[in-house]
Each structure stands twice: as structure tokens, then as C-alpha cells.
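Geometric and topological summary
One-letter residues, chain by chain:
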Amino acid sequence: MSKPAGGTGVAIRKRSRVPGVMITQYVEELPPGFTTPDFIRKPIALTIQEGKLAFFKAVVNGNPVPEVSWGRNKGDLSNPTKYISRYDEKNEEYILEIPNVDSDQADTYKCIVINPFGRAICTAALNVIEVGFKKREPAPKSDPEDFRKMLKKTVVKRRQKQTKEGEIDPRFWEVLLSAAKKDYERICQEYGVTDFRWMLRKLNQKKKEREAEQLKYVEKIHSVKQIEVKTDGTAEFELDMKLKDPSSKILLYKDGEMLDYGDGTDDATKHNMQKFGETYLFSIRDVGPEDAGLYQVDVEEANMFSTSLTLPDVEFNDMLKNTKVVEGQDAMFECALSDPVPQITWCANDISVEHGDKYDITVSEDKQVHKLTVKNCTKDDNGVYTAIAGLRSSQGTLVVEDDPNGRGKGADELARRLAEEKDRLQREKDEAARRAQAEKDEAARKAQAERDEAARRAAEQDKEARKAQAERDEAVRKAQAERDEAARKAQEAQDEAARRAQAEKDEAARKAQEEQDEVARRAQAAQDEAARKAQEEQDEAARKAKAEKDEAARKAQEEQDEAARRAKAEKDEAARKAREEQDEAARRAQAEKDEAARKAQEEQDEAARRAKAKKDEAAIKAREEQDEAARRAQAEKDEGARKAQEEQDEAARRAKAKKDEAARKAREEQDEAARRAQAKKDEAARKAQEEQDEAARRAKAEKDEAAKKAQEEQDEAARRAQAEQDEAARKAKAEQEAAERMAAMAAGKGGGQNGSGGSSMGDGNEGDGTGKNRKGGDGTLRDGKGDEFDLDGTGGDKSGDKAKKRVRVGELVPNSIIGHGVHFLNGMSDTAANIGESAELSCKINSEDKTGLWYKDGKKLESKDGFTIVKDGAHHKLIINDCQERDAGKYKFEVEGRKSEATLIVQDPPKIDADTLSKFSEPVIVKAGENASFKLPFSGKEPIKIQWFKEDEELLQGHSVKIEKSSAHTRLLLTKCQRKDTGEIKIKIKNEFATVEATSKLIVLDRPTPPQGPIETVESSLSAIEFKWRPPKDDGGCPLTNYNLERQQLGRNTWSKIGDIPGQPTYRDTNIDCGRKYCYRIRAKNSEGFSDVMTTNDIAAGTLAFPGSPAPPKIVSAFKDCINCAWLPPSSTGGGSIIGYNLEKRKKGSNVWSQVNPKDDPIRDKKYAVKDVIEGAEYEFRVCAINTCGPGEPSGPSECAIARDPKKPPGKVKDLKITGSSYTSLSLSWTKPTEVKGEEDEAKGYFVEIRHADQLEWSRYNLNAVIQTSFTVLGLKSMAMYWVRVIATNEGGEGLPQSFDNYIIAMPPPVKPKFTDKKMKSFMVVKAGNTVRVSVSFEASPLPDITWLKDGVPVAKHVTITNFEKGSQLFIYTSELSDTGIYMVNVKNMVGQDTFAIEIRVTDDPKPPGPVELEQNVHGTVTLSWTPSPDEKQDNHLHYMVMKRDSVKQTWRTVADRLFNNKFTVINILPGREYNFRVFAKNDIGLSEPSVSPVWGTTKQREKFTYNMPVSRTLDFQAPPKFIVSLKLHTAPPGYECYMSCAATGNPTPHITWYHNNVSLNTNPNYYITNVCGVCSLLILKVGPKDMGEYTVVAESPLGHDECSTKLIVKE
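Starting from 1, residues in each chain are numbered consecutively following that chain's sequence as written. Restriction of local features to residues with pLDDT of at least 70 applies here, the model being predicted, together with a cutoff of 80 or more for giving and counting side-chain atom pairs; totals for whole chains, interfaces and linings are based on all residues. As a rule here, side-chain values cover all heavy atoms of the structure and leave hydrogens and water aside.

**A word on the pairing of strand S78 (residues 1381–1388)**
Formally: Two strands are said to pair when DSSP picks up at least two bridges between them. In DSSP terms, a helix is any run of H or I states spanning at least four residues, a strand is any run of E spanning at least two, and both are numbered starting from the N terminus.
Both strand S74 (residues 1345–1350) and S78 contribute to a ladder of six bridges, which runs antiparallel. For Lys1350, the partnering residue across the bridge sits in S78 and is Tyr1383. The pairing of S78 with strand S79 (residues 1393–1403) spans eight bridges and is antiparallel. Counterpart to Met1384 in the pairing with S79 is Ala1397. If you look at the hairpin formed by S78 and S79, you'll find four residues sitting between the two strands.

What follows is the structure, encoded as C-alpha cells:
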């Protein structure tokens, strides 16, 4: 009968085999056949999107059958609409369903399993990803009585911005940019990101952007460490960065809010930053829940580092336990948390550890059980281990004990020898594999170095291209700035001219009005009563007209100012658009002003007419006088307005001309700068591309060559390793049989005194010889029943995993009998095939006569039912035709007991029919507002994931997107398509085997967009207006058919239709009136309809417009009586054609221009010969264009030209010679050519031309002539051959070239090879396995051929030779004994050669000699003889050393050294003493382990000896305290350490007391005081102002006391 635990209901807690499950047992002993409840499969944590279905599943067991219930931490599950609990009888699963999950349901859920004998419980977390915005529920109302309870400290957190569906939290990128790659998956899971390819692509883009921002303030950032919570309750993170400006501000943010931080000296500061060189350490003291959040470090405005501190609110259900292990074993710490946590912090002795070779950190599936495994424990691993989760921690102690050695003799000794031999064979095998791996790694390293070099060259070329682009951008920016400045000045001049013209016009109008009023006043005095009334009516009409006129003028002025302001703010290139808008505004204002004045005048005339009919004779006379005065006033007013208008037009014309000139110059400069920049960029890009292609070609060739060599070396190493392994296995097998017999002899007849085992020998029939079938590579059984001795008494039936790790023992007794049988040369390999395809399994054995059997899952196969068995000699094949899912499984081939197995995996990837794919690829064309549908059938194994994309952005189910999915087809429906929906449609179909894609295109037809401006006026003459525009930006998906035009004359309200014109964006209107202005409306038309209207600005017909200024004239040629000039037409013709040009000249230094051609005879051509010149005088020329309106502005002055006959070209240069050369440059010098009057004039400059020996054309090195008589040509190719010549030049042209008789080689002066390092060693000893590196330095020109030989033959393949310009290096990564020899390097060029030899001896620690035997042939001597060391035959430098020790002196003494035989006689052997001898083997590396001889000697009978001890005297060593080393004066800056020390002596040891300003410091914890062997020290960790003063140390004992003092000065 079971008893309750302790007689009460107290539970006994125990751990389940399922991690994270806690079992409570209610009874002490379980009845037979009954069990406590437990979980077979527990619920797993879920992360699900809001609105989806969430469910937890659990499978339990127990006897009797337990009851299952569900719960949650922060609520109940009583609502049946939100929580559904059910049992699935088919799968025996208990299920909790949560339909339409909400963010409030995110919690930790519990599954509780109970029966009468106990209870089991486990938890699983539900994380809900919120979608969109939602209103929060109102807070529950509280009673006023409970209000005081609510007044607690509250942590205020910033409200995070909610993200819409499909958006990513910005903090995700901040955290990801500074995280390690191993944390990417965890961070994406926390923020709900599933598209990893998109994430990586976006992350790389953001990293480049952030690095560009960081480079503004820092030079580099490295050694970044994420934030961690330490064992002392602080959190720290750090980074290394080098600031460009040390005064830059470093800012710390938490969740976007800037934090104040200290320097770490004040313990009350929450946040601190400490700097150690380039390392910045940030710390947070007393970490609490309010400290969780995103921390960012910024320098000025650039973000440097971001890290997220998460503090989960969890408890430790199971704490860490103390662990005790034996040295060499693994130790494990385990803890269980109350809630799931993805990752916690582990610390060893307060230092955080990470997953790696030493530590293994694992987390259970439910994220609640965390384990830390310390591998291969040593004494250094002793200490305290801490697990930190949030704000809570748990500690456990690790104790590592020594490995007890309790072995006996006999069988244990044999086991030891067998283990040693086994270890030796394993070491040899590992050494062979290591050598092969080293050779492979070396080849890979070389290939990687070559790839890195090619990448570096490509990066340099890319840098040059970026530099050229930057220069081009800078030139464009300068040109734009100059253009804007010119436009601004032109605008200011135009505004100033318009302002002066308006002021003068207003002044004239005011004077005219005053005169008109004065005349009206005089006429009023002479009128009678009727005239007075008429005058009143007329004044009233004039007042109204004036008010309307002033109002119209005010509005016009406001519109003009507004238009000018908009034009100035929105000016485009060269301010053309601003100028047109302002001119248009001024024109409209003037038109409205004139219209208002006209209306006012008409109303005034009408009033005068009515008054005239009512007046009498006197009124008629007054009216005549008034009309006369008004006429004069109007005439003066019109004259003033006309003058003002002319001045305004003249000012506007000048401003326009200046503005056009400035804009033209700016455009020319911009175009020239852009052209030069583009030319440089193209040249740099071309060179970079050529160099990159050449580097890529060389890198590829070198890579292929290195890969080929590496593969050959790897194959050779693998072959050797396999041969060594086979040889070792063969020896081991022979030795094993002998070892069995020896073990049987040592252990007894049964061979099993300590256990039940035997030798546990296997039959060894399960191998295929290759190891590919995972059953051993040598034909032995690797399942634990093969060749392994049972030395521990446990029998031979060992587990398979441990048996696989064993290594065969070595040869103890030679055995020449070796059995051979059938074995596999090549075993089968796992194969995968698609459904409907054929698959082939093959293997090869060592015999062509043997026939085997094929099996599938244990069933024998024959050549039928879709299987074909083929035997081709030793090759055996099984072909599966038309693979189906039923064909998947494990296949085995067996021959004479030998087996080879492989697995066939049948895949069913998604497939799309070719005709269907072709039909799907055709574009889908719909009209705007219609629906578009894409349907695609497919086949493949489920589950299948289907994704639709538009322009690489995934389409999700929504208002206008509907996606239908099934197992055989999918359909995408896009409703109410718009023109912007046009683009590529792509579908991805993915299952566990593969992914297929298909692409189509959606074209939505719609009306075109409006035509584009600006309008360019081609012609604006008296007879026609021609203008053109740009086509619409979007043609609506179908070609344009016509343009529809309408026209409106300025001043009218109606538009007249012009009609449709062909689809060319240009129109010429000939139906115009001179002086009128017209406005046009343009619409584009396609098959879907008309576009919206584009309205042109007003275009004037036949207006007065002068041509622009041409470019400065060019001097074609100059003679003493004639100078020929030429020029280009102006860019602006003023709306008409150019009828001629006027050419002017002036002498240099004069300000007076004189016209060259007759005044009434303009020059029709664009060139002219000026003959009115004076010989020797210097002239400048300018030209102006003439059209129907008159001459325009003159051009700028030309270059100066002297009226004289052309000079003669100079002669050849003299004394051309080479003054210096290198591999890339050549320095030349020469003498000026001789001047011959009338034939060869003086040289003004020189050109240097070079030509490669393989080319026919010369290339000019300097584009501009140099005036000095020396030059250096750079950028030559090393050892290339060049022809070089120099050409003199002057104003008359270039002279004849002067060249060298022979070609020149780009190289320094010839130098015979000579070794320059006088300290080079000629002998070197290297331990086997170490690296050999021999470097030689030499000087030679040209570059020599370097040859390395070993013992007269070329060096082996594993020896790496690296040559450079002034040296060479021999490198052996892992040396072997065979590398011993004499290495000779030969350096040879065309001048001579030199040779250097070095002897390299590769050896190893010598093995000890054999047993030592002693023999006495002569009294007083002993002859030692020993077996030679095994290394004696391999090392001719090996010798022996003999050492002796007797029983009296007890010290070892060398009696013989450098013995090359195996025998030595030791003399002076005294009777009565015991002697021990040791023999060492010795070589160039050192000594071996000694071989110890037996003890030699006899016991001598001694007479009794009596000795009387003298009486000893007592000495008094007591002494009073005394300071033998005094304190020194100390000066320290604040915040640094200060260390004081002195030395005191005394017996007994005195007591030391420290004082600061007579206050004892011995009990003050702020000072670290030590007294070691009389050395007294005091350490102040952080010096502050309070530590300044006098320090005294006092030494006291019963015999007296002593003291010494010093002062501490703290620097300010």
C-alpha cells in the first residue's frame, strides 16, 4: 500500500525527461504498474498575427489516465467563445484553440495534467503581432478609497508608434544594424519579419547609408559589444571608434530621448561613459525595469551604435546547482524559468561567456530550460557560474578534482601499453590528415590572396571612377552657381530698370493730372449755374474714372509684384522661366492699365458730351477752352508715358541682353566643364574597366592554376593519408591478434576475471572500403562489436556511438598473415530524384567475378517492376525507371556478407506546363477601371507556398487584390486597375523541394498625360509664329495619334479651334496679325481619348526684338598687312533672320572701337579680312549681329593678334640624352635648337612623344608645351621597350623631331645581382611540424630570375617561393624530416648572377635509447651498454650523453657526451657507494627522455663512529622597529591611482598603522593596505581633493616604535 509523503499532502518534485516539464508526486512509493502523469509531447510557444487561429497541442500519458486542464497567468479561460478545449481521439491530442486571436490574449499558458498519484505542468508562450491601429479599452473605474494604493512610483514610457499592416517597426533596423549575424534570426522573430532575403537586401542598403554618415565624423568603428547585465546589477556596452574631431559631441539616447551621463567618478550618476584610448564604455547602474529600451550612441548627427536592453519579468523555477567533476570531463549547469526567454546571459567568475569550443549553450524548445556545458574541464575552470535572466540571477559553483590513478599491474599495464600504442597510431593518422589539410589550406590561402588582390585593384579602379564623377559633379555645381549668380544680377538690373520706368511714368501722369485740374478750375469760375452743374457732373465722372484707374493700376501693380516674386522664387536654369513669367506679368499689367485708362477716358468723354448739350453759349466757350487744355494735357501725358515706356523697354532690353549673355556664358562654361568632366570620367572608366578586365583575367587564370595545383596537392595528400591509414589498419589488425594472446596470458585462462567479456572480436563484414556507407572504411564492423578489447571488465557489447570513435591498437607482435576478401572500392551514395525521372544507384567492388543482391527496405529486388539491375565488370548498378513516391527508401547491395547502403529520396517539386507558362507570360491588357485576372495551374507535393509580386513587391489579400489558392491552381484578381498598376507580375510557387517562378506583365490603357513644357519659340516674325513642345510623359499605354490645338488672341474671351495636327510636337501659325499676341491650348490624343490641356504663354508676332551677341571672334591668321577673323552666329536671333554683321577693332590698351566694314554695308558672311592694320601693332576685334530690327549687343573682345608675318618653325633640339630611369619613369634633357634667321626661328616650347615598340603611332605625352629643356615621363610599363623623341615648337608651328637611335627599356641602370644582407645564416635547425621561413635580400637590375634548389634539384610542391623586387622568401608551412637538405638560391639577370646556400636540418625530439645494462670488467669501473635509439638510423647527428649520481653527493653529473656508439666505461667507482646512471639521446633539438640503469654498488661495512656535539649558545635576534625605506613625496592628478610604499624591519614583526592627517586608515574600506614581508603599501583607487594632505605610517612592537611621513599633492 502506498504511503503519503511524510504522512501529509506534501509533494515530491521531480524532473521529467521532457525539458521544461515539472512533475509533482503525491506518494512516496508508486504501486506496481502505476505512474505519475507526464508529457509525451508538450505545447510549443507560438508567435502569430492578430486575427489568426492559435492552438496548443499536448500528448500525455500516465496510469491511471490523467485529467488535462488549461490555464493562463494573467486571466482565465472561462469564455467559451474565445477559448475552446477539446480532445482529438484519432491523434490522442489535447487541444486548446483560440480563434480570432487578439493582442490582449498574449500571455503564458499552462497545461496541467493530474491523476491520483501526481501532477505534471508545463507552460507555453503566446506572442501576438499587432496589425493596424486599434482603440484601447477604457480603464476600469476605481473606488476613491483605493486611490491612495495607486500612488506608487510609475515608470513612464514613451508611447510607441503603432505600425500599419506590412510596416516594420523602425527600432527593428536600429537594432539589426548593430547586431551580429548570428542574432539576425532571433531579432527577425521578435519583430515578426519573415522575408529574410528582402531584409538582407534592405539591411545592406541601410548599412551603406549609415557608413556614409559615420565617415563624416569618425575614421573607423570596430569591436562593438552588445549590452549585457553584469552580476553586480549594472549593464554595460562598449565600442571602439576613432573620431576625426576629438571635440565632437557624443550623445546617448534611450528610446529617442537624450540622456545625461557622467564620467564614472560619481557613484550617484545613473548613466556613465568612460574612455580608455579609443574604447568607449557605457554603463547603467542599478538596472531596473524602467531601464529597458533601445539605447543609441550618436556622434553629432550620425548614429554610431544601437543596442536593445530587454528585461523579461521571469523567475527561476530551478536554480543552478553546485557541480563537482573530474578533470577532463564535461560539467553542465541547468536552470528552468517561469516564462519563455529566448536567450539569457551566462557568466564564469563574473565574465560573460558565449557559445564556442569551450562552452556549449543550449535552449529548450519552449525557451524555458537553459543549459551551459563546460567542455573538457581543467583546474582553470574552477569558480562561480552565474545565469542572468532579466533582473534575476542564479549561481552555482564548479569544482574540478584531480583524475584518480588507481590502476594495478598485469592486465592494467598491458592495457596501458595498448592505449599508448593506440594513441600513437591515432597521432600518426591525425598528423597525415593535418598535413593534407595544411596543404589544402595553403592552396586555398593563395587563391584567396589572389582574389583579394584582384578585388583590391577593382576597388581602386572604382575609387578612380568615383573621383572622376565627383570632379564632374563639382564642375556642374560651380557652373550652376555661376549661372544662378548671373541670373540674379540680371533680375536685379531688370527690376531696377522697371522700377525707375514706373516712377517716371507715374510722375508724368501726376503732372498731367495737376495741369488738367488747374485748367478745369479756371473754366469753372467762368461758367454760369448750368455750367457749374455740368461741371459737377463732369467732376463726378472724372473722379469715378480716376478711382477706377487708380484701383486698376494698384491691382496691376500688385499682380506685377506677385508675378515678379513668383518668377524669382521659381526660376529654372538660366532664369528663363522666371524672366518669361515676369515679362508676361508686366505686359498684362500694362495692358490692364491701358484698358482702364481707355475706359476712364471714354466715360469722361461721355460726361463731357452730355454736359455740352445742356450748356449755353458760355458753357460752349468754356468747354472749348477746357477741351483745348485737356488736349494739351493729354498730349503731354501721352508724350511722358511714351518716353517712360521707351525707357522701360530700353532698360528691359539691356537687362535681357545682359541676362542672356550671362546665361549663355554660364551655359557654355557648364557645358565645357561637363564635357571635360565627362571626358575625364569616360577615360578613367575606360582605363578602370581595362585594368579591371585585365586583373580579373589574371586573377581567374591564377585562381584556376592555384585551384588545379591545390587539387593535385590535395589528391596527393589524401592518397598518402589513405595509404598510411590502410597500412596502419593492416598493422593494427596483426598487432591486435598478438595483443589478445598477451591479454589472455595476463588476465588468466578465462580472460575475464574483472568482468564477463572476452575479446569481443567481430567478423568485419559490414564495410565497403570507402567509408561512404558509414560502416567503416576498412571492412570492419563499426557497430560496437568489432575490434575492441574489453579491458574494463564490462564485456565486448559496447554501444555503436562509442565504438565508432575508437582507434585500432598498434603492432605488438609482427604477423605476416593478412587475409584478403571482397571489399568495396566505391560504396553507394544517397541519391535524390524527381517524380517521373530515373534514378541510379551504383557501387564498385574489387572483384569482377562476384555477383551480389539488391534489397529495398529488406525486400529482394529483381530486374522487373520498374527496376533494372546492371553488372558491368566490378561495377554494379540499380536503375529505377519512372520514380514514384513508393520508390523512396533505403537500398542495400550485398555480396559475400559485405554490404553498402544508400537512401533514395523521391522529390515532387512544383511544376508548370510549358504551354501554360507560355500563355501566362503573355501581357494582360485592360482599360482603366477594368479588372485584370491572372490564372496559373501547377502541380507539386503539398504543402505549397504561393506568393504573387508586382514590381518585386509582394501582393497581399486586400481591397483591390484578391488571391485564390488551391492544390492545383492559383488566381490573382486585381480590381479597378489604374494606369499606375502597369508593371511586371510575378508568381513564386515553393514547396520543400524547390521553387519555381513565372512572370507576366499587366498593361493598363488610359488617356495620355498633358504635353510637357516649356514651350520653345522657333520663330516669331511678322509673318508667322512657330513653336514646339515636348510629348506627354505617359502616352497612356498606346501610341499618340494627334495633337489638338486652340488659339486665343490676347484681349479676347473666345478660343478658336485650329484642329488636329499629326503627332509631331511642333506647329507653325501663319494666320497672324502683326503686333498681336496669341495664346495656345494643346491636347494630346490616343485611342482612349484626349489628355488634359496644356496652355502656352503669350507669344507676340512681329515685335521689336534685337539679336543676341555672338561669341568673340577667332583669329584665323595674321600677316603684316592683313588679319583674318571668323565668328559664329548668335544663339538668339530676336525672332527674325540675321541680315549681316558689323566688325569693330581697337588697338590693345585703347578704349575706342572703330568699325571695320562700311556703316551701310554689313558683312554678309561670318568671316572677314581686316586690311587696315599697321605692321607690328596688336589688335582686338568684336562683332555684333544685325536683324530687321537693328544691330544687337556686340560680342566680347577676341584674343590679341599682332600684324606680322608668321614665324618659321624651329629646328631640331640638340644633345638629347637620358639623365635617369626606373621601371616606371624616364628622365630626359636636351639643348635648345640653334636659331637660323629666315629659316628656323627661336623655340618657345617642347613636346615629348613616345611610342611602344609594338605600335606604329606616336602618342604625345604632354598636351601643353613645356618651356624647360628637361622632362620626366611617368607611367611606363616595367621592362617595356619605347621609342622617344622631342619636338620644338613656336608660333610658326612644330619643328622636326629629334629621337634616339635605339629604343629605350624602362628599367634602372644595370646592376649585377648581389646579396645585401650580411647577417644571413648558412645553417638552420627546425623542429618537425614547425614553419620554415628563409628570406634573402639582394639588389639587381633588371629584375633577375630567381631559382631555388634543394640538394641540386627543384624544391618540392609544398614549398612556397615568394619573389619580390628586392628579395625572395622560401616558406614551408609544416616542415617534415624529408625537408632536411642544402637549399641554394640563384639570382641571375643579363648582367651576372650570385648564389647563396643554406643548410636546413629538420628534426624532432629524439626518442630515448633502450634499456641500460651494467657490467664490471675491471675493478673500479663500470661498463654501460644500451640499445640504440630508434632515431639513430634517421639522424646522423644523433649522439648520447651519460650522467652519474652516487649515494653520497646525490647530484647528477655528466660523465660523457657526444658518444656515437652504444657503450661507455665509467671509472672511479668507489666501493660502498650506490650509483645510478642515465643515458640520454641527443640531437640538434635537445635531449630525449632518459633511460635509467639499475642501481649499481655494494654495501661497505663501517666501524662505529662516535661524535660529541658541542654545547650551543643562544643568540638574541630581537630588534626594535625601523624603517629601512622611507615614503616619497607623491603628486597625482584627480581620478588616477596613487600607490605609496615603504619598508620596515624588526623582530618581533611590528604592527603597521597608516594615518591621513592624524586619522587612522586601517579600517577605512576606501584604501587598500598591505604588509608583505616588511613592505608596507597603501593604494588609493581614485585620487580626489579630499585625499590631499600628510600621510604617516607607524611601526610598533614591544621593543619600541618608528614612523615616517610624506605628503600627497593633488593637481588641479
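**Quick word on the sheet that holds strand S84 (residues 1463–1466)**
Applied cut-off: All axes here are fitted lines through C-alpha atoms, helices being fitted over the stretch that makes contact, and every angle between N-to-C directions spans 0 to 180 degrees.
If you trace the three strands from one edge of the open sheet to the other, you get S80-S81-S84, paired in antiparallel fashion. Taken across any chain shown, the strands that pair with only one partner, and hence form the sheet edges, are strand S80 (1412–1415) and S84. Between one strand axis and the next, the sheet turns through 25° on average, direction left out of account. With four bridges joining them, strand S81 (residues 1422–1426) and S84 adopt antiparallel strand pairing.

**Considering the environment of Val18**
Rules: Partly exposed describes any residue whose relative accessible area lies between the buried limit of under 20% and the exposed limit of over 50%, with all areas from a 1.4 Å probe on protein chains only and scaled to the type maximum. When checking whether two residues touch, look at their non-hydrogen atoms; a contact exists if any pair is within 4.5 Å.
Along the chain, Val18 falls in the loop between strand S1 (12–15) and strand S2 (22–25). Residue class for Val18 comes out buried when judged on its relative accessible area of 17%. Sequence separation of Val18 and Ile40 is 22 residues, and the distance between their C-alpha atoms is 7.4 Å. When sequence neighbours within four positions are dropped, the list of residues in contact with Val18 reads Phe39, Ile40 and Lys42.

**Regarding empty space enclosed by the protein**
The gaps of empty space that remain are located by a probe, the size of a water molecule, rolled over the atoms. The line we're drawing: Grid points spaced at 1 Å and placed over the protein atoms alone form the basis of the search, with a cavity being a set where a 1.4 Å probe fits but cannot get out and a pocket an open set showing protein on both sides within 12 Å along at least five of seven lines. Lining residues have an atom within 4 Å of a point. Grid points are joined across faces, edges and corners, and a volume is the space filled by probe spheres set on the points. Classification convention: Asp, Glu, Lys, Arg as charged; Ala, Val, Leu, Ile, Met, Phe, Trp, Tyr, Cys, Pro as nonpolar; all other residues, Gly among them, as polar.
Taken as a whole, this structure holds two cavities of 30 Å³ or more when the rule is applied. As a volume, the largest cavity reaches approximately 160 Å³. Taken together, 15 residues make up the lining of the largest cavity; nearest its centre are Ala438, Glu439, Glu442, His1358 and Tyr1373. Secondary structure elements with two or more residues in the lining of the largest cavity: helix H5 (411–526) and strand S76 (1359–1364). Broken down by element, the lining of the largest cavity gets its largest block of residues, six residues, from H5. Looking at the lining of the largest cavity, its residues break down into five nonpolar, three polar and seven charged.

**With respect to the state of the cysteines**
The condition is simple: Pairs of cysteine sulfur atoms within 2.5 Å are what we label disulfides.
According to the stated counting rule, one finds zero disulfides in the structure shown. Here Cys111 stays free of any disulfide, with the sulfur of Cys122 as its closest cysteine sulfur at 5.3 Å. A relative accessible area of 0% places Cys111 in the buried class.

**Digging into the nonpolar core**
Note the following rule: Working definition of a nonpolar core: buried Ala, Val, Leu, Ile, Met, Phe, Trp, Tyr and Cys residues. They are joined through side-chain atoms within 4.5 Å.
Of all hydrophobic cores here, the largest spans 27 residues; its most connected members are Phe237, Met241, Ile250, Tyr280 and Phe282. For this core, the secondary structure elements donating two or more residues are strand S11 (218–229), strand S12 (235–243), strand S13 (250–254), strand S16 (279–284), strand S17 (293–299) and strand S18 (302–309). Per element, the largest residue contribution to this core is five residues, and it comes from S12. When neighbours within four sequence positions are excluded, Ile250 is seen to be in contact with Met241, Leu243, Tyr261, Met273, Tyr280, Phe282, Val297, Asp298 and Val299. Counting residues in each nonpolar core, the second largest holds 24 residues, with Val18, Tyr94, Tyr109 and Cys111 among its members.

**With respect to the confidence of the model for the protein chain**
For any part of a model where pLDDT is low, the fine detail of the predicted coordinates should not be relied upon. Worth spelling out the cut-off: Every residue gets a pLDDT, meaning the predictor's confidence in that residue, from 0 to 100.
When pLDDT is averaged along the protein chain, the result is 80; 82% of the residues meet or exceed 70. In the predicted structure, residues 1–8 sits below a pLDDT of 50 and forms 13 contacts with residues beyond four places in sequence or in another chain. In this model residues 747–819 is a low-confidence stretch, pLDDT under 50, and it forms 153 contacts with partners more than four residues away in sequence or in other chains.

**Looking at the packing of aromatic side chains**
Each aromatic ring pair is described using two quantities: the centre-to-centre distance and the angle formed by the ring planes. Put simply, the rule reads: Stacked, tilted and edge-to-face are the three classes applied to pairs of Phe, Tyr and Trp rings, where Trp contributes its six-membered ring and a pair requires centres within 6.5 Å; stacked means planes under 30 degrees apart, edge-to-face means over 60, and tilted covers the rest. Should the NZ of a Lys or the CZ of an Arg lie within 6 Å of a ring centre and within 35 degrees of the ring normal, that charge is described as sitting over the ring.
For the structure on display, the rule yields 27 aromatic pairs. Ring centres of Phe34 and Phe117 lie 5.4 Å apart, and the angle between their planes is 45°; this geometry places the pair in the tilted category. Taken as a pair, Phe34 in the loop between S2 and strand S3 (35–41) and Phe117 in the loop between strand S9 (107–115) and strand S10 (118–129) lie far apart in primary sequence, 83 residues in all. On the accessibility criterion, Phe34 (36% relative accessible area) is partly exposed. Residue Phe117 is classed as buried on the basis of its relative accessible area, which comes to 13%. When the ring centre of Phe949 is taken as reference, the NZ or CZ atom of Lys988 above it lies at 5.1 Å.

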